[in-house]
Amino acid sequence: MAQRSHQYFSLRWNNYQNTMTSVFQQLREDLSFVDVTLSCEHGSLKAHKVVLSACSSYFQKLLLENPCKHPTIILPGDIIFTDLKTIIDFVYRGEIDVTESELQVSQLMSSL
């Protein structure tokens, strides 16, 4: 029996990271496939469990331990809605613009 030689090809998706970032952000803006609600003082917002889990071991552990279809996570009272929105914007885009006085949000992000 003749042996077949196998050729392998390397396939690359140009701009994969930029594309995924844009797609996840658009899905969030459209509220498409959202499966978790984050709630804090003065508001709540919807997000994707997979995105939160990829960016935060806190959320990953919490969501793995509570396999609810669409959980609502109530965050501690010291997190206000504008800070939560800033954190989630950072999680989805990988960057944000903040003023010097808003840098305290980074301390909150490290606790999540």
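As annotated in an unreviewed UniProt entry, the protein carries the name BTB domain-containing protein and comes from Glossina morsitans morsitans. Recorded in UniProt for the protein, the comment headed Subcellular location (unreviewed entry) runs: "Nucleus".

1. Here we look at the side chain of T86
Mapped onto the elements, T86 comes out in helix α4 (residues 81-93). T86 gets classed as buried once you look at its relative accessible area, which sits at 18%. A polar atom in the side chain of T86 sits 2.9 Å from the backbone oxygen of T82.

2. Thoughts on the UniProt feature "domain: BTB" (unreviewed entry) in the protein
Residues given the UniProt feature "domain: BTB" (unreviewed entry) here are residues 34-100. Across residues 34-100, helical content stands at 43% and strand content at 19%; the span's end C-alpha atoms are separated by 32 Å.

3. Quick look at the sheet that holds strand β1 (residues 36-40)
Ordered by their spatial adjacency, three strands build an open sheet running β2-β1-β3, and the pairing between neighbours is mixed. Strands at the two margins of the open sheet, each flanked by one partner only, are β2 (43-47) and β3 (72-74). Taking the axes of each pair of neighbouring strands and ignoring which way they run, one obtains an average angle of 20 degrees across the sheet. Bridge count between β1 and β2: five bridges; the pairing is antiparallel. Each residue of the ladder has a partner; that of C40, found in β2, is G43.

4. Some points on the packing of aromatic side chains
Scanning the entire structure with this criterion turns up two aromatic pairs. Arranged with centres 5.1 Å apart and planes meeting at 75 degrees, the rings of W13 and Y16 form a pair that is edge-to-face. Taking 5.3 Å as the distance between ring centres and 65 degrees as the angle between the ring planes, the aromatic pair formed by Y58 and F59 counts as edge-to-face. Take F59: its relative accessible area is 4%, and that puts it in the buried class.

5. Here we look at the pattern of salt bridges
Following the criterion strictly, the structure yields three salt bridges and no others. We note a salt bridge from D89 to K85, for which the minimum N-O separation is 3.3 Å. You can see D89 and its partner K85 sitting in helix α4, four residues apart, about one turn around the helix. K85 gets classed as partly exposed once you look at its relative accessible area, which sits at 38%. One connected set of salt bridges, linked through shared partners, spans R28, K85 and D89.

6. Topic: helix α1 (residues 16-30)
Along its 15 residues, α1 runs 21 Å from first to last C-alpha, staying within 8% of the 21 Å computed at 1.5 Å per residue. Phi for L31, located one or two positions after α1, is positive at around 60 degrees.

7. Brief notes about the pairing of β1
In terms of burial, β1 is largely enclosed, as five of its five residues are buried. Along β1, one buried face is formed by V36, L38 and C40 and the opposite face, lined by T37 and S39, is buried too. Two successive antiparallel strands, β1 and β2, enclose a turn made up of two residues, where H42 displays a positive phi of approximately 75 degrees. By the bridge criterion, three bridges tie β1 to β3 in an arrangement that is parallel. Within β3, the position partnered with S39 by the bridge is I74.

Criteria and thresholds
- Residues numbered from 1 in each chain as written.
- Predicted model: local features only at pLDDT ≥ 70, side-chain atom pairs only at ≥ 80, totals over all residues.
- Heavy atoms only, no water.
- UniProt positions renumbered as here; feature names shortened; annotations may be inferred.
- Helix = DSSP H or I, 4+ residues; strand = E, 2+ residues; numbered from the N terminus.
- Buried < 20%, exposed > 50% of the residue type's maximum accessible area, 1.4 Å probe, protein only.
- Polar contact = N/O pair within 3.5 Å; in protein donor to acceptor, adjacent residues only side chain to side chain.
- Pairing = 2+ DSSP bridges.
- Axes fitted to C-alpha atoms, helices over the stretch in contact; angles between N-to-C directions.
- Phe/Tyr/Trp six-rings, centres within 6.5 Å; stacked < 30°, edge-to-face > 60°.
- Salt bridge = Lys/Arg side-chain N within 4 Å of Asp/Glu carboxyl O.
- Expected span 1.5 Å × (residues − 1).

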